[in-house]
Each structure stands twice: as C-alpha cells, then as structure tokens.
Amino acid sequence: MSKLENALASIDAANRHDPDVREGEPAAWLYGRRMSAECNRLFPDASEPLQIAARGQHIERWIMKRQDFPEGRAGYLTWRTTLAKHHATRVGEIMQDAGYDSQDIERAQKMIRKEGIKRDADVQALEDVICFTFLKWYFAPFAPSQDPEKLDRIVTKTALKMSEPGRARVLEEFDLPESLAVHFRV
C-alpha cells in the first residue's frame, strides 16, 4: 500500500466511528469520500497533501460538539477554529505514521486550517472542493430549513470563498435560481 493509500485508509478508519449515520454510512466517512471525489474531479493532478487534506478536512468532527461552545457568532467561530486545529493535528499524525515528511504534513495542515485562502493555490483549491461538495451534496437538503435572507447570506459567503474559476464552474454545473446564481458571477 502506498503512503497516500495508507493515509486515506487511516482517515476513513477514524471517520467510520462517527455516531451520526446518514444514508446508511457514518457522516464524516461519507463526507470525506465525497470530498475526495470532488477533489479528484476538479483537480485531477492534485498533490498528495491536497488529496489528504480533502479527505481529512472533517476528520473526527463529532469529537467537539457545537453545544460545548458558547452561543452566538463568537462561540461558533471558536468552535470552527478549534475543530480545524483538531483536524489538522489528526491528519498530521496520520501522515507522519504513513511516512510523509514534515514539509508535506505542514502543507496539508495549512490547507485544513485554511491559512492563505486567496493567496495559496492549494489552500484555495481545498476551499473550492469544500464549496463544490456543499453545493453538490448538502445544499438541497439544507436550503429549505433556512429563511431566504439567511440562505442568501450563506450563498454569498460560499461564493466569496471560491476562486474565480471555481465560481464560473459553479454556474456551468449547477442550475441555481437567478437570485442565488448572481453571487457566483465573476
């Protein structure tokens, strides 16, 4: 088994423990597989650190529950930052066990912590993969639970996180209502 295969298998094994089951599979495992599929589709020549970051972006997400952090935006942001550090640490441990060097480990961790969106091509690529995965697999079931103004803010933030080529591709691949498509226009 290659280093990459070993790392991906270890991430999958960890995510198999997610108690949240969706579509008959642990949610974190399913999300990781979908992230890998989108990464491979959008960036077929992706580096191994990017492939690993995509698969492990939500590793063991269930470990830190949102309700364990304060209410409100500040609590939400603290939870997300703490989770990202956990994801990066766990992926780093898995990569080290698989035989990756410190440079590759640091690259994957930087991507997972989203350090350098809009400035670092790999970090931006991971963000585009995250946004495509959300739009392809999670947006339709999520949207009806949101009031229109909040949904508009979420779509606006999603589009702003993406690269220009990513936003253009969203318009090519998704049949969004005009009220939402406008946010992706380059």
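Our structure's up above, just so we're on the same page.
Quick summary incoming for the structure in this document. (Residues numbered from 1 in each chain as written. Predicted model: local features only at pLDDT ≥ 70, side-chain atom pairs only at ≥ 80, totals over all residues. Heavy atoms only, no water.)

## Regarding the layout of surface pockets
Think of a ball as big as a water molecule: rolled over the atoms, this probe shows where empty space is left. Our working rule: Buried and open spaces are told apart on a 1 Å grid over the protein atoms alone, a cavity being a set of points where a 1.4 Å probe fits but cannot get out and a pocket being an open set with protein on both sides within 12 Å along at least five of seven lines. Residues with an atom within 4 Å of a point are the lining residues. Grid points are joined across faces, edges and corners, and a volume is the space filled by probe spheres set on the points. A run of H or I in DSSP becomes a helix once it reaches four residues, and a run of E becomes a strand once it reaches two; helices and strands are each numbered from the N terminus. When residues are sorted by character, Ala, Val, Leu, Ile, Met, Phe, Trp, Tyr, Cys and Pro go into the nonpolar class, Asp, Glu, Lys and Arg into the charged class, and all the rest, Gly among them, into the polar class.
The calculated volume of the largest pocket comes to roughly 1,900 Å³. What lines the largest pocket is a set of 47 residues, and nearest its centre among them are His58, Arg61, Tyr76, Trp79 and Arg80. Residue assignment for the lining of the largest pocket shows that the elements contributing at least two residues are α2 (27-42), α4 (72-98), α6 (121-142) and α7 (148-161). For the lining of the largest pocket, the leading source of residues is α4, giving ten residues. A class-by-class count of the residues in the lining of the largest pocket yields 22 nonpolar, six polar and 19 charged.

## Topic: the state of the cysteines
For the record, the criterion: When two cysteine sulfur atoms are found within 2.5 Å, that pair is recorded as a disulfide.
One pass over the full model with this rule turns up zero disulfides. Unpaired in this structure, cysteine 39 has its nearest cysteine sulfur neighbour in cysteine 131, at a distance of 14 Å.

## Focus on helix α8 (residues 164-173)
Defined as follows: Buried means the residue's accessible area, taken with a 1.4 Å probe over protein chains only, is under 20% of the maximum for its type, while exposed means over 50%, and partly exposed covers the values in between. Picture the helix axis, draw a direction to every C-beta atom, and the arc is the one those directions span. Here, residues are in contact when the closest pair of their heavy atoms is within 4.5 Å. Two N or O atoms form a polar contact when they lie within 3.5 Å of each other; inside protein one atom must be a possible hydrogen donor and the other a possible acceptor, and for residues adjacent in sequence the pair counts only when both atoms belong to side chains.
Listed as buried for α8 are Gly166, Arg167 and Val170. All buried residues of α8 fall inside an arc of 100° around its axis, so they share one side. Across from the buried face of α8, at angles greater than 90 degrees, the exposed residues are Pro165 and Glu172. Those residues of α8 that are buried lie in contact with α6 and α7. Measuring from the backbone nitrogen of glycine 166 back to the side-chain oxygen at the start of α8 gives 3.0 Å, which picks out serine 163 as the cap.

So far we have only geometry, and geometry alone does not tell us how the molecule works.
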